Amino acid sequence: MENNNVDNNMVMEEGSSITFKDILRIALKYKFLILGVTLACTLIAFVYVMFFATPTYRSTGCVVVTISKVSGSGDSETVTYDYSNSQKIVETIAKLTSKDIVVNEVVNTLNPSDKASDEVKAASKLYLEGIKAKAMASLDDEDEYEDLDFSFVTSAYLKENISVSSSTSEFLIDIYLVSEYKNEASYVLDCVIEKLIETCNSEKLPLLNQTTNQVNNASKATYYKPNKTTTTLIGFAIGLVLSVVIVFLIEVLRTHFKDADEIETYLHTTVIGQVYDVEMKKHTRRELATKSLALNKTNYNKLISTIDYYSDSTKSKVYQVTSSIPSEGKSTIIFNLAKEMAVLDKKVIIIDLDINRPVQHRMVGLKRNPGFVEYATSNEPLNNIIHHLEEGFDMICSGSKSVNSLILLNGSKLPKLIEELKAMDAYDYILIDTPPIHASADSITTARVVDGLLFVVSEKESKKSLSVDAIRQIQARNINVIGAIYNNVDKKGKGNNYYYYYYKYYSHETSEENADADKLDLTQADLEKQEEK
C-alpha cells in the first residue's frame, strides 16, 4: 500500500464537510434525545396553555358613520354626498375611541373613583343597574346570575386592550375589546361605543355631530387567546429546534471519532478492521482479552485475512501495532491477533517493546525479564528470551525497566534481533507492541525495522486532534501505515457499518461461542474448548 502523507488543511477541510448521509446518521444516533426534548417542550406548552395561561376573551362592536350630504344650489332638488369628508370623519372617530375624552367617561360610568362627585356616582349606579337588568333578562331559565365586577376598568386598561379597525370605503368602524373578564367584556365595550357616540354628538365636537350610530350591541365575548393549537405547535417547534441545537453542540464539541468513515477522512488511512467493545466492570487484562476475542472472532479473522493479503503481495512479515495515547487497547489487540493467528496455524511471535509500561508478560503470567533489554545490554542469548506459550505463539518480553529505552531501540541490537528472527525462518509474522506515539518517542524509533504499522483508534478514548497529529508524525518519517483498527466500537451504535453486516451474516456459525462469551468469566480451558469446536 502507498504511504499517504497527511495534509492537515485538507484533513480539516474534508472532516468539516457535512452530507445528507451525515445528517441522517446523526438524527438516527440521537433519535431518542430529539424525540424526548421535542415531546417535553410540546407537553410543557400544552400543559401551560391548558392549566396555567390566563385566557382572554374578545368582544366586537361596530359603529357606522353617516355620509355627509351637500345640498344642491338654487331650486335644484339634487343632493350630493361629500365622500372625502366622510372618510376623514371615519379616521378621526377611529382615533378618538381610545382617547381620554372617551375613555375617562367610560371609567366614570363603570368604575368611578372615590373622589368622583355624587352626581357621577349616582349616574354610574343607575347605569350599572341597567346592565344588571339587561344581564338577568338574557339568562336562560337554568342559568344563575353572577354579579358583574367592573373594578378592573381603568383608563390605562382600556387604552391597552381596545383596538380599532376602520374601513373608509364602507364607512364602518369595528371596535374590539380583549379582556380576561369574559362576562363583563361585552358590557364594557357597549359603554365605550355609547360614550364615543355621545362625545361625537357633544358640543365639544360640533363637526362630528350626528355622524355616528351603533349598528348593534357588542357581541358576547368569546375565547381569543392563547390559541391552544398554535401554542402547542410552537412548543413542538421550539422542542425540535432546541433538540437540533443540543445535538449540534454535542457534535461540534465532540472530540472523539464518530465512525470508521470519519477516521478515514481525518487520517487518510483505511480502516481495515474493527473490534467491538466489551463491557466488564471488574476484570484482569487476560479476562478482557479472552472475552474480546470470543466476541470478535469473526472481526479478527477478517483483519487477519487483510494482513495475509498484504503480506503475500509485499512479502512483509514484521508489523508494529501502536496508537496515539494510552488506553486505546493496542496491547489487547496485538495479543488476540497473535492468538487467533496461532489458531489458524500461523507461526507468530510478539515482541513487547513498550519497555516502560509493558503489558504482554502479564497477559500470560510471565516475568518481564529476561527480555529485549537483557538481549540489548547483557548479550542475553536469543533462545533465552523467547517464551513458547501454550496459546500457540511465542513471546519476547520487554525485559527490565530502562531509563534509556530510546537509546536501546535506536542502537544496533533491535535490527539485529529482527534479522535473527527472520533468519530462523520459524515465524510467519513478527508482531511488535510499542508505546503510544504521544507517550514516547520509542514507537517512531522502532518503526525503522518494520514492514508496516497498524494504528489503533478507540471509539471511547481516541481524540481526533491527537490521532491526526500522531499519523502526521508517523507518515512524515515515511513509515508505512497499513491501516487503522477501530477499537471499542459500540456494537449497537454502528448498525450502518459494513462490518456490522459482515458480523451479522456470519454470526450464526459462531452463535454458541458468542453465547458462552457473554459470561463474565472465561477460563483458558473454556477458550480451548471453543477453539476445538
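Since the model is a prediction, treat every value here as computed from it, not as a measurement. (Residues numbered from 1 in each chain as written. Predicted model: local features only at pLDDT ≥ 70, side-chain atom pairs only at ≥ 80, totals over all residues. Heavy atoms only, no water.)

S.K.: How would you sum up the overall build of the chain? Please name residues and give values.
M.R.: Of the regular secondary structure elements, the chain holds 23 helices and 15 strands. Buried residues in the chain amount to 46% of all 533 residues. Long-range pairs, those at least 24 residues apart, make up 78% of the contacts in the chain between residues at least 6 apart in sequence. Accessible surface, the chain as shown: approximately 28100 Å² in total, 53% of it carbon and sulfur. (Helix = DSSP H or I, 4+ residues; strand = E, 2+ residues; numbered from the N terminus. Buried < 20%, exposed > 50% of the residue type's maximum accessible area, 1.4 Å probe, protein only. Contact = heavy atoms within 4.5 Å. Areas by Shrake-Rupley, 256 points an atom, 1.4 Å probe, with all protein chains shown as cover.)

S.K.: Tell me about the pattern of salt bridges, and name the residues and values.
M.R.: Opposite charge on two side chains permits pairing when their charged atoms draw close. In total, this model carries 12 salt bridges according to the counting rule given. Here D100 and K159 are joined by a salt bridge, their closest N and O atoms 2.4 Å apart. Taken together, the positions of D100 in helix α5 (residues 100–110) and K159 in helix α7 (residues 155–161) put the pair 59 residues apart, joining distant regions of the chain. For E262, the salt bridge goes to K258, with nearest N and O atoms at 3.9 Å. Each of the two residues, E262 as well as K258, counts as buried. A cluster of three or more residues bridged by salt bridges with shared partners is formed by R254, K258 and E262. (Salt bridge = Lys/Arg side-chain N within 4 Å of Asp/Glu carboxyl O.)

S.K.: Pulling in residues and values, what's your account of the nonpolar core?
M.R.: Core analysis: the biggest nonpolar cluster contains 48 residues, and F372 and L421 have the highest contact counts within it. When residues no more than four places from it in sequence are discounted, the contact partners of L421 are I349, I351, L382, I386, I396, Y427 and I430. In this structure, I89, L96, A135 and I197 belong to the second largest nonpolar core, which totals 37 residues. (Core = buried A, V, L, I, M, F, W, Y, C linked by side-chain atoms within 4.5 Å.)

S.K.: Now, about the environment of T60: what can you tell me, with residues and values included?
M.R.: As for its placement among the helices and strands, T60 is situated in strand β1 (residues 56–65). With a relative accessible area of 25%, T60 lands in the partly exposed category. Here the alpha-carbon distance between T60 and A185, two residues 125 residues apart in the chain, equals 9.4 Å. Beyond its immediate sequence surroundings of up to four residues, T60 is in contact with I175, Y176, L189, N217, A218 and S219.

S.K.: Tell me about the environment of L389, and name the residues and values.
M.R.: In this fold, L389 is placed in the loop between β11 (386–388) and β12 (394–396). In sequence terms L389 and I349 are 40 residues apart; their C-alpha atoms lie 9.8 Å from each other. Ignoring anything within four residues of it in the chain, the contact list for L389 reads V364, L366, D394 and M395.

S.K.: How would you sum up a nonpolar patch on the surface? Please name residues and give values.
M.R.: Taken together, the side chains of L43, F46, Y48, M50, F51 and F52 present a nonpolar region at the surface, about 690 Å² in accessible area. Overall, L43 belongs to the exposed group, its relative accessible area being 52%. (Patch = residues over 30% accessible without salt bridge, like charges linked within 9 Å, V, L, I, M, F, W, Y side chains within 5 Å.)

S.K.: Account for the packing of aromatic side chains, with residues named and values stated.
M.R.: In this description, a pair of aromatic rings is defined by centroid distance and the angle of the planes. All told, the structure shown has 8 aromatic pairs when counted by the stated rule. Between F257 and Y266 the ring centres are 6.1 Å apart and the planes differ by 80 degrees, which places this aromatic pair in the edge-to-face class. With relative accessibility at 2%, the residue F257 sits in the buried group. We classify Y266 as buried; its relative accessible area is 8%. Every member of this aromatic cluster is reached through a ring pair, and the members are F152, Y157 and Y181. Note that K195 overlies the ring of Y127, its terminal NZ or CZ placed 6.0 Å from the centroid. (Phe/Tyr/Trp six-rings, centres within 6.5 Å; stacked < 30°, edge-to-face > 60°. Lys NZ or Arg CZ within 6 Å of the ring centre and 35° of its normal.)

S.K.: Explain the confidence of the model for the chain to me, and be specific about the residues and the numbers.
M.R.: Confidence in the prediction of the chain, expressed as mean pLDDT, is 84, and 85% of residues score 70 or more. Per-residue pLDDT stays below 50 along residues 1–16; that stretch engages in 33 contacts with residues further than four places along the chain or on separate chains. In the model, residues 495–533 has pLDDT below 50 throughout and makes 56 contacts with residues more than four positions away in sequence or in other chains. (pLDDT = per-residue confidence, 0-100.)

S.K.: Account for the side chain of T332, with residues named and values stated.
M.R.: Inspection of the secondary structure assignment puts T332 in helix α13 (residues 330–343). Owing to a relative accessible area of 11%, T332 belongs among the buried residues under this scheme. Once residues lying within four places of it in the same chain are set aside, the contact partners of T332 are A289, Y300 and M363.

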